[in-house]
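Architecture and fold: a report
This is what each chain is made of:
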Amino acid sequence: MAGPGAKPAKDVQPKLRLDKWLFAARFFKNRELASEVIESGHLRLNGQRCKKPGHAVMAGDTLTFPQGRAIRVIRVLALSDRRGPAEEAQQLYHDLAPTADAPLE
């Protein structure tokens, strides 16, 4: 059993609360709005419905959720619990949704 001074295992990937990450990545104006979308069952984490705002998200996860009239599909690239400027927030994810001018196959 690990004591108070124990160091985390080296192979453990860092995680962050889902609502906190969505707020830091600037998808929602506050954590309460992010929590409402999650608790209502409208968010999918790696294809599975997620209803817990405190669920852990990590780099490589795929999130699908509504934002306004659009459905966002994004891949988490990095974690940040700090809500920084928009340029910094855009470095946290990759948008997987097709753009309006992309050709259909």
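Focus: the pairing of strand β5 (residues 62-67)
In the sheet, strand β2 (residues 43-45) pairs with β5 via 2 bridges, with the strands oriented antiparallel. Bridge pairing in β5 places leucine 45 opposite leucine 63. For β5 and strand β6 (residues 70-76), the ladder comprises 6 bridges, and the chain directions are antiparallel. Note that in β6 the partner of proline 66 across the bridge is isoleucine 71. Connecting β5 to the next strand, β6, in antiparallel fashion are 2 residues, including glycine 68 with a positive phi near 65 degrees.

Description of the nonpolar core
Counting residues in each nonpolar core, the largest one holds 20 residues, and the members touching the most others are Trp21, Leu22, Phe27, Leu43 and Leu63. Elements with a contribution of two residues or more to this core: α1 (18-24), α2 (31-39), β2, β5 and β6. In contact with tryptophan 21, not counting residues within four places along its chain, are Leu16, Phe27, Val57, Leu63, Ile74, Val76, Ala78, Leu79, Ser80, Leu92 and Tyr93.

Here's the deal with the pairing of β6
As paired elements, β6 and strand β7 (residues 93-95) share 3 bridges and run antiparallel to each other. Looking across to β7, one finds that valine 76 is bridged to tyrosine 93.

Cut-offs used in this document
Residues numbered from 1 in each chain as written. Predicted model: local features only at pLDDT ≥ 70, side-chain atom pairs only at ≥ 80, totals over all residues. Heavy atoms only, no water. Pairing = 2+ DSSP bridges. Helix = DSSP H or I, 4+ residues; strand = E, 2+ residues; numbered from the N terminus. Core = buried A, V, L, I, M, F, W, Y, C linked by side-chain atoms within 4.5 Å. Buried < 20%, exposed > 50% of the residue type's maximum accessible area, 1.4 Å probe, protein only. Contact = heavy atoms within 4.5 Å.

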